[in-house]
Amino acid sequence: MKFNNRNGRSTLMAIAGVYVLYLAYELLKSLIDGEETTMSPAIHILSIVFLALAGIGVLVYAFILWKNAKKDEEADRMEEEEKNTKN
């Protein structure tokens, strides 16, 4: 059975996606609370939208990687069982 690196990779990507969503949340919270920033309100809103979309995109990609890794593991397991039954 070969080692499948995609499980670890998808986990790290999911963590990164959650962190990016957290950054978007913090920016949104600061906008709602009316905290002073050096950004104009338009840039602030665009940053929130960009970070939210990027975070969701990374999470979706991580899920797809995880799903494909599970399929590959199952295919490898079936292939190995087939080899063992032939011998």
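As shown above, the structure is provided for reference.
One structure accompanies this document, and this report is about it. Computed from a predicted model, the values in this text were never measured in an experiment.

As for the overall build of the chain
The secondary structure content of the chain amounts to 2 helices and 0 strands. In terms of C-alpha radius of gyration, the chain reaches 21 Å, well past the compact-globule figure of 12 Å for 87 residues. Each principal axis of the C-alpha distribution contributes one length, and for the chain these read about 70 × 15 × 15 Å. A buried classification covers 18% of the 87 residues belonging to the chain. Excluding contacts between residues fewer than 6 apart, the proportion of contacts in the chain whose partners are at least 24 apart in sequence is 78%. Total accessible area computed for the chain in this model is approximately 6700 Å², and 65% of it derives from carbon and sulfur atoms. Each charge class in the chain was averaged separately, 10 positive and 12 negative side chains, and the resulting centres sit 8 Å apart.

Brief notes about the packing of aromatic side chains
The description of an aromatic ring pair uses the distance of the two centres, along with the angle that the planes make with each other. Here the structure, examined in full by the defined rule, presents 2 aromatic pairs. Arranged with centres 5.8 Å apart and planes meeting at 35°, the rings of Phe63 and Trp66 form a pair that is tilted. One end of the pair, Phe63, and the other, Trp66, are both in helix 2 (residues 41-86), 3 residues apart, so they sit about a helical turn from each other. Phe63 sits in the partly exposed class, given a relative accessible area of 47%.

Regarding the environment of Leu53
Relative to the assigned elements, Leu53 resides in helix 2. Under the relative-accessibility criterion, Leu53 is labelled exposed at 59%. Along the primary structure Leu53 and Val20 are separated by 33 residues, whereas in three dimensions their C-alpha atoms are 9.2 Å apart.

Section: the packing of helix 1 (residues 6-33) against helix 2
Here helix 1 crosses helix 2 at 160°, and the two axes come no closer than 8 Å. The angle between the axes of helix 1 and helix 2 places the two elements in the roughly antiparallel class. Of the two elements, helix 1 crosses helix 2, and the hand of that crossing is left-handed. In terms of residue class, the contact of helix 1 with helix 2 is made up of 23 nonpolar, 8 polar and 5 charged.

Quick look at the environment of Gly17
Relative to the assigned elements, Gly17 resides in helix 1. Spatially, the C-alpha atoms of Gly17 and Lys86 are 44 Å apart, while their sequence positions differ by 69 residues.

Thresholds applied
- Residues numbered from 1 in each chain as written.
- Predicted model: local features only at pLDDT ≥ 70, side-chain atom pairs only at ≥ 80, totals over all residues.
- Heavy atoms only, no water.
- Helix = DSSP H or I, 4+ residues; strand = E, 2+ residues; numbered from the N terminus.
- Rg over C-alpha atoms; globule rule 2.2 N^0.38 Å.
- Buried < 20%, exposed > 50% of the residue type's maximum accessible area, 1.4 Å probe, protein only.
- Contact = heavy atoms within 4.5 Å.
- Areas by Shrake-Rupley, 256 points an atom, 1.4 Å probe, with all protein chains shown as cover.
- Lys, Arg positive; Asp, Glu negative; His and termini not counted.
- Charge placed at Lys NZ, Arg CZ, Asp CG, Glu CD.
- Phe/Tyr/Trp six-rings, centres within 6.5 Å; stacked < 30°, edge-to-face > 60°.
- Axes fitted to C-alpha atoms, helices over the stretch in contact; angles between N-to-C directions.
- Parallel < 35°, antiparallel > 145°, perpendicular 65-115°, else oblique.
- Left-handed = near helix turned anticlockwise from the far one by under 90°.
- Nonpolar A, V, L, I, M, F, W, Y, C, P; charged D, E, K, R; others polar.

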